[in-house]
Amino acid sequence: LENQHEGVVARFAGFGVFAASLQSEKETLVGLLKESTNQLDDLKKRLDISDAVIANLKLEKETMARSIKESTTQQEDLKKCLSTSEAVIADLQCEKETLVKSIEGSKSHEQ
């Protein structure tokens, strides 16, 4: 009976050691879970920041596209103005030549 009692006591002592080991493992796992949760929160914050950066870049891209379109329109307008100016210059050159010939013709008639 005494041997049985010692065996039961030894078993309970073994269970105590096992329970302590399980408690230690539980604490380790709880610590890892907290660390993992913190890392997940950090990743979520980084994702939010990345989303904001992407949204800003999209807005910047749209702004640049509008600027390019406006610049292209201005460039086309300037080309039209240049073409008109060249036509006016050509007309004025013809008119000048006509006036010069007219003046030269008048001078020869006077002489």
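J.: Help me understand the overall build of the chain in this model?
T.: Regarding its fold elements, the chain presents one helix and zero strands. Its C-alpha radius of gyration of 47 Å places the chain more than 25% over the 13 Å reference for a compact globule of 111 residues. When the backbone C-alpha atoms are referred to their principal axes, the chain occupies close to 160 × 15 × 10 Å. When each of the 111 residues of the chain is scored for burial, the buried share is 0%. Element-wise, carbon and sulfur atoms account for 60% of the exposed surface of the chain, whose accessible area totals about 10,400 Å². The average position of the 15 basic charges and that of the 20 acidic charges among the side chains of the chain differ by 2 Å.

J.: Explain the environment of Ala 19 to me, please; I cannot follow it from the model alone.
T.: Within the secondary structure, Ala 19 sits in helix α1 (residues 2-110). Ala 19 sits 82 residues away from Lys 101 along the chain, and the two C-alpha atoms are 120 Å apart.

J.: Just to check I follow, could you spell out a nonpolar patch on the surface for this structure?
T.: On the surface, a cluster of nonpolar side chains totalling about 280 Å² of accessible area is made up of Ile 49, Val 53 and Leu 57. Tracing the chain through its elements places Val 53 in helix α1.

Cut-offs used in this document
All chains use their own residue numbering, which begins from 1 and follows the written sequence. A pLDDT threshold of at least 70 governs which residues receive local features in this predicted model, and a stricter bar of 80 or more applies before side-chain atom pairs are shown or counted, although totals over entire chains, interfaces and linings include all residues. Note that the side-chain values use all heavy atoms of the structure and ignore hydrogens as well as water. Numbered from the N terminus, helices here are DSSP runs of H or I no shorter than four residues, and strands are runs of E no shorter than two. Note that the radius of gyration is over C-alpha atoms, with the globule rule given as 2.2 Å times the number of residues to the power 0.38. Residue exposure (1.4 Å probe, protein chains only): buried if accessible area is under 20% of the type maximum, exposed if over 50%, otherwise partly exposed. All accessible areas in this document rest on Shrake-Rupley with a 1.4 Å probe, and a residue is counted as covered only by the protein chains that are shown. For the purpose of charge, His is not counted, nor are the chain termini; Lys and Arg are scored as positive and Asp and Glu as negative. Working definition for charges: the position is that of NZ of Lys, CZ of Arg, CG of Asp or CD of Glu. Each patch groups residues whose relative accessible area exceeds 30% and which form no salt bridge, using 9 Å between like charges and 5 Å between nonpolar side chains of Val, Leu, Ile, Met, Phe, Trp and Tyr. Any Lys or Arg side-chain nitrogen located within 4 Å of an Asp or Glu carboxyl oxygen qualifies as a salt bridge.

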